[in-house]
Amino acid sequence: MADYDSIAQSFQQTCAFPFRWHSEAYTYLNLIGPVQGLSILDLACGDGIYSRHFKSQGAARVVGVDISAAMIDLARSQQPDLEIEYYVADVAHLEKIANFDLVVASYLLNHAADACTLGQMARAIAENLKPGGKFISVNNHLEQDPASYDRCLTYNYRKQADLPLEDGRPIHLTFYLPDGSNFTITDYYLSQATYEQAFAQAGFQSLEWCYPQVSAAGIEEFGQDYWQDFLRYPPIILLKCQL
Ligand SMILES: C[S@@+](CC[C@H](N)C(=O)[O-])C[C@H]1O[C@@H](n2cnc3c(N)ncnc32)[C@H](O)[C@@H]1O
């Protein structure tokens, strides 16, 4: 059973957290840009939240892949009329599906526990991109200073790690849901240098790290002060890579 099988429904509830919509999705979708007519591979698609967005915005073909059968069941149960293709698979062992215009992944790479697994994921991404294609991702900000981890509590979760951070160290994220329940997932620290090496070795020409921003609607709804720590100590980060 994949780790997310038992928490699929709970994880889905995090989509209502203000940071996920007003910062994560806002920055991620801006970086991705217009998707009309594109073929898109959404890795670690979860319940398909972004897959559905791409297809409803006119993407020609959207394929979602996730290691958790429960997550894929949730994805398949929503808006089946969109005709998104979903597969259960481990991205580290993913075979070529097609030459996509764009490969995306929200919170996949932070599950790689070592450089070898990250390298396998980077190669699978490269193999599924057309020449010159782009990979865009949002990730746990693994280089966030642990001294600022407590700031995440404002944004409905707790980050904890055994220090010092070094490649392979687990980082635990506990999410607090509106119904009073909580659940914990585990990511792994790998340095930005390890990421850059994995993507260079997989054939990517460039890798750019981008910090999250907040939408005007988010500032209007929650106020500038609410977002101050999120922007000063970003708990998430984005990557833009080009073959
Ligand atoms: C934090 S959730 C994010 C889900 C979705 N992308 C979103 O943004 O809502 C991480 C997802 O990564 C999936 N995952 C973890 N390791 C994976 C792997 N090796 N291959 C494919 N999916 C994986 C989990 O099953 C889970 O659905």
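Residues numbered from 1 in each chain as written. Predicted model: local features only at pLDDT ≥ 70, side-chain atom pairs only at ≥ 80, totals over all residues. Heavy atoms only, no water.

Taking strand neighbours across the sheet as the criterion, the seven strands line up as S3-S2-S1-S4-S5-S10-S9 in an open arrangement whose pairing is mixed. Unpaired on one side and paired on the other, strand S3 (85–88) and strand S9 (206–210) mark the two borders of the sheet. Here the strands of the sheet are splayed against their neighbours by 15° on average, with no regard to which way each runs. When strand S2 (residues 61–66) meets S3, the two strands line up parallel, connected through four bridges. Residue pairing across strands places Gly64 opposite Tyr86, the latter belonging to S3. Where helix H5 (residues 115–127) meets the sheet, its contacts fall on strand S1 (39–43), strand S4 (100–106) and strand S5 (129–140), and the angle it forms with S5 comes to roughly 140°. (Pairing = 2+ DSSP bridges. Helix = DSSP H or I, 4+ residues; strand = E, 2+ residues; numbered from the N terminus. Axes fitted to C-alpha atoms, helices over the stretch in contact; angles between N-to-C directions. Contact = heavy atoms within 4.5 Å.)

For the rest of this paragraph, the subject is the sheet that holds strand S7 (residues 170–176). Here we have three strands laid out as an open sheet, ordered S6-S7-S8, and antiparallel in their pairing. A strand with exactly one partner marks an edge of an open sheet, and here the two such strands are strand S6 (157–161) and strand S8 (182–188). Geometrically, the sheet is characterised by an average inter-axis angle of 20° between neighbouring strands, direction not taken into account.

Within the largest apolar cluster, 80 residues are counted, with the highest numbers of intra-cluster contacts made by Leu43, Phe54, Leu109, Phe135 and Phe199. Not counting residues within four places of it along the chain, the set of residues in contact with Leu43 comprises Val65, Val91, Leu94, Val103, Val104, Ala105, Ser106, Leu108 and Ile125. (Core = buried A, V, L, I, M, F, W, Y, C linked by side-chain atoms within 4.5 Å. Buried < 20%, exposed > 50% of the residue type's maximum accessible area, 1.4 Å probe, protein only.)

The calculated volume of the largest pocket comes to roughly 800 Å³. If you go around the largest pocket, you meet 43 residues; those closest to its centre are Tyr4, Ala44, Tyr107, Leu108 and His111. Sorting the residues of the lining of the largest pocket by element identifies helix H1 (8–13), helix H2 (18–32), helix H3 (49–56), H5, S6, S7 and S8 as the ones contributing at least two each. If you tally residues by element for the lining of the largest pocket, the top one is S8, at five residues. A breakdown of the residues in the lining of the largest pocket according to their chemical character gives 23 nonpolar, 11 polar and nine charged. (1 Å grid on protein atoms, 1.4 Å probe; cavity = no way out; pocket = protein on both sides within 12 Å on 5 of 7 lines; lining within 4 Å. Points joined across faces, edges and corners; volume = space filled by probe spheres on them. Nonpolar A, V, L, I, M, F, W, Y, C, P; charged D, E, K, R; others polar.)

Read these as spatial facts, not as claims about activity.
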